[in-house]
Amino acid sequence: MGSAAESRPRRRVALVVETSNQYGRGLLQGIGRLVREGGRWSVTLVEAGRGDGGAGHLRGWEGDGILARIENPAVAAAVARAGVPAVDLSAARLLPALPWVETDDRAIAALALAHLRGRGYRHFAFLADQRFAWSGNRARHFADLLAREGLPCALHAVP
């Protein structure tokens, strides 16, 4: 006799996550682990490279929800058009009404600073890529952590 969880229908979930970088692949590995551990999901990976988003592949897709790294207007529009519950996996926040999951940029900045201090560095700088919210967030947190100790941080931005 099956459990109540086994009798529930599988939820059809679209994954709109690029596989061109480690962050996206890490997201997919975590989702895969959740599904293998008993998640009642049937997942569809929407093929996407960073920046193109694969938004066209959602057209005509019928499912129950979307997990998407929404980093450009095309993906934002496609996810909104789908009309199903969605979670944003990006720091860009192009659909602010959606719930979202993102990295803890303050903790990452603190780890980076601890690593550099452990190597004996005493002068610090941060080169931020302003195209990405996470990079600017980490630069700000890195500089704030140093400022609390009365130390300067040279901030630079990729043009």
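Scroll up a little and you will see the structure.
Calculation rules
- Residues numbered from 1 in each chain as written.
- Predicted model: local features only at pLDDT ≥ 70, side-chain atom pairs only at ≥ 80, totals over all residues.
- Heavy atoms only, no water.
- Salt bridge = Lys/Arg side-chain N within 4 Å of Asp/Glu carboxyl O.
- Helix = DSSP H or I, 4+ residues; strand = E, 2+ residues; numbered from the N terminus.
- Buried < 20%, exposed > 50% of the residue type's maximum accessible area, 1.4 Å probe, protein only.
- Phe/Tyr/Trp six-rings, centres within 6.5 Å; stacked < 30°, edge-to-face > 60°.
- Lys NZ or Arg CZ within 6 Å of the ring centre and 35° of its normal.

**Q** Quick question: what am I supposed to make of the pattern of salt bridges here?
**A** Should their charged atoms come close, side chains of opposite charge can pair. Per the stated rule, a full pass over the model turns up 7 salt bridges. Two residues, Arg-12 and Asp-64, come together in a salt bridge whose shortest N-O distance is 3.5 Å. With Arg-12 in strand β1 (residues 11-16) and Asp-64 in the loop between β2 (41-45) and β3 (65-68), this residue pair connects regions lying 52 residues apart in the sequence. For Arg-12, a relative accessible area of 39% puts it in the partly exposed group. Owing to a relative accessible area of 28%, Asp-64 belongs among the partly exposed residues under this scheme. Here the salt bridges share partners, and the residues they tie into one network are Glu-18, Arg-69 and Glu-71.

**Q** Would you mind going over the packing of aromatic side chains with me for this structure?
**A** A ring pair, where both rings are aromatic, is described by two values, the distance of the centres and the angle of the planes. For the coordinates displayed, the defined rule picks out 3 aromatic pairs. Taking the centre distance of 5.7 Å and the plane angle of 55° together, the rings of Phe-126 and Phe-142 count as tilted. Pair noted here: Phe-126 is in strand β5 (residues 124-129) and Phe-142 is in helix α5 (residues 133-148), with a separation of 16 residues, a long-range link. Just as Phe-126 is buried, Phe-142 falls in that class too. When the ring of Phe-132 is compared with that of Trp-134, the centres are 6.0 Å apart and the planes differ by 20°; the resulting orientation is stacked. An aromatic cluster of at least three residues, connected via ring pairs, comprises Phe-124, Phe-126 and Phe-142. Sitting over the ring of Trp-100, Arg-93 keeps its end group 3.6 Å from the ring centre.

Note that every value here comes from positions in space, so none of it alone points to a role or purpose.
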